[in-house]
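Descriptive analysis of the structure
These are the residues of each chain, in order.
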Amino acid sequence: SHPDAQAGLASCFLQEGNHDAARTHLARALEVNAAHPLARLVSARLETLAENYAAAATACEALIIANPAFAEARALRAACRFVLGDRAAYDAERAEFARRHPGSGLVPHLVAALLSDQRRFEEAAAQEAEAIAADPWFWEAHIAHGMNLLRAGDDVRAARFVSGDELAALPTTDGLSAVVERARRMTLT
């Protein structure tokens, strides 16, 4: 019943779309440590899935107060502010994030995730393009960009990203080659 393990399981189940299991493990983690950072971040992400963006932003605020460099919490709070339409707060948060984490595409990537949850796929694809521009090696953004293009009906452009061709065009390293190969296998199954 270790809170790190329970929070990790909650995060994995959340990524897999099993929200009931995520909530179960989240409750176990928070029962042992109510201030567990990953558990509270998973809780905030679950709030976004219920479109409770203000509650998610508030949850992230507490995490940022405890650790101002907590990239995921700061990026999720910025994304929530974006979908809430608070452009001034979003711009300020994004600027602060860029100051603390230069070269990261995490903010637009999380904005894209929230837009995709709302089925706003063209806007999500545009945000993923920003994430890729900020960090060309952000392979998750490449894959998500392709998926959002596909969902938006742009099959031709989507194929480059979903197949891994866009990643393959980057200067390769052994690690990146493995990611590209994994992305290709994912699209074939």
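Notes on helix α6 (residues 87-100)
The first and last C-alpha atoms of α6 sit 20 Å apart over 14 residues, in line with the 20 Å expected at 1.5 Å per residue. Among the residues making up α6, those that are buried are Ala89, Tyr90, Glu93 and Phe97. Buried residues of α6 fall within an arc of 100° about the axis and therefore sit on the same side. Opposite its buried face, α6 presents the exposed residues Ala88 and Arg99, each directed more than 90 degrees away. In the core, the buried residues of α6 are packed alongside α5 (71-83), α7 (106-117) and α8 (121-134).

Examining the packing of helix α3 (residues 37-49) against α5
Following both chains from N to C, one finds α3 and α5 inclined at 15°, their axes separated by 11 Å at the closest point. Overall, the two elements α3 and α5 adopt an arrangement that is roughly parallel. Here α3 and α5 pass one another in a crossing that is left-handed. Only Glu72, Ala73, Leu76 and Cys80 of α5 make contact with α3, whose side of the interface consists of Leu41, Ala44, Arg45 and Thr48.

Thoughts on the confidence of the model for the protein
This prediction gives the protein a mean pLDDT of 86; 84% of its residues lie at or above 70. Ranking the elements of the protein by mean pLDDT puts helix α12 (residues 174-188) last with 51 and α5 first with 97.

Structural notes on the pattern of salt bridges
With the rule as written, the count across this model stands at 12 salt bridges. Among the ionic pairs, Arg100 bridges to Glu96, the shortest N-O distance being 2.7 Å. Taken together, the positions of Arg100 and Glu96, both in helix α6 and 4 residues apart, correspond to about one turn of that helix. Judged by relative accessible area, Arg100 falls into the partly exposed class, the value being 31%. Overlapping salt bridges bring together Glu61, Arg74, Arg77, Arg81 and Glu93 as one network.

Here we look at the nonpolar core
Counting 32 residues, the largest nonpolar core has Ala73, Leu76, Cys80, Leu106, Val107 and Val111 as its most contacted members. Put simply, the parts of the chain that give this core at least two residues each are α3, α4 (53-66), α5, α6, α7 and α8. Ala7, Ala10, Ala22 and Ala29 belong to the second largest nonpolar core, which has 9 residues in total.

Rules and cut-offs
Residues numbered from 1 in each chain as written. Predicted model: local features only at pLDDT ≥ 70, side-chain atom pairs only at ≥ 80, totals over all residues. Heavy atoms only, no water. Helix = DSSP H or I, 4+ residues; strand = E, 2+ residues; numbered from the N terminus. Expected span 1.5 Å × (residues − 1). Buried < 20%, exposed > 50% of the residue type's maximum accessible area, 1.4 Å probe, protein only. Arc of directions from axis to C-beta. Contact = heavy atoms within 4.5 Å. Axes fitted to C-alpha atoms, helices over the stretch in contact; angles between N-to-C directions. Parallel < 35°, antiparallel > 145°, perpendicular 65-115°, else oblique. Left-handed = near helix turned anticlockwise from the far one by under 90°. pLDDT = per-residue confidence, 0-100. Salt bridge = Lys/Arg side-chain N within 4 Å of Asp/Glu carboxyl O. Core = buried A, V, L, I, M, F, W, Y, C linked by side-chain atoms within 4.5 Å.

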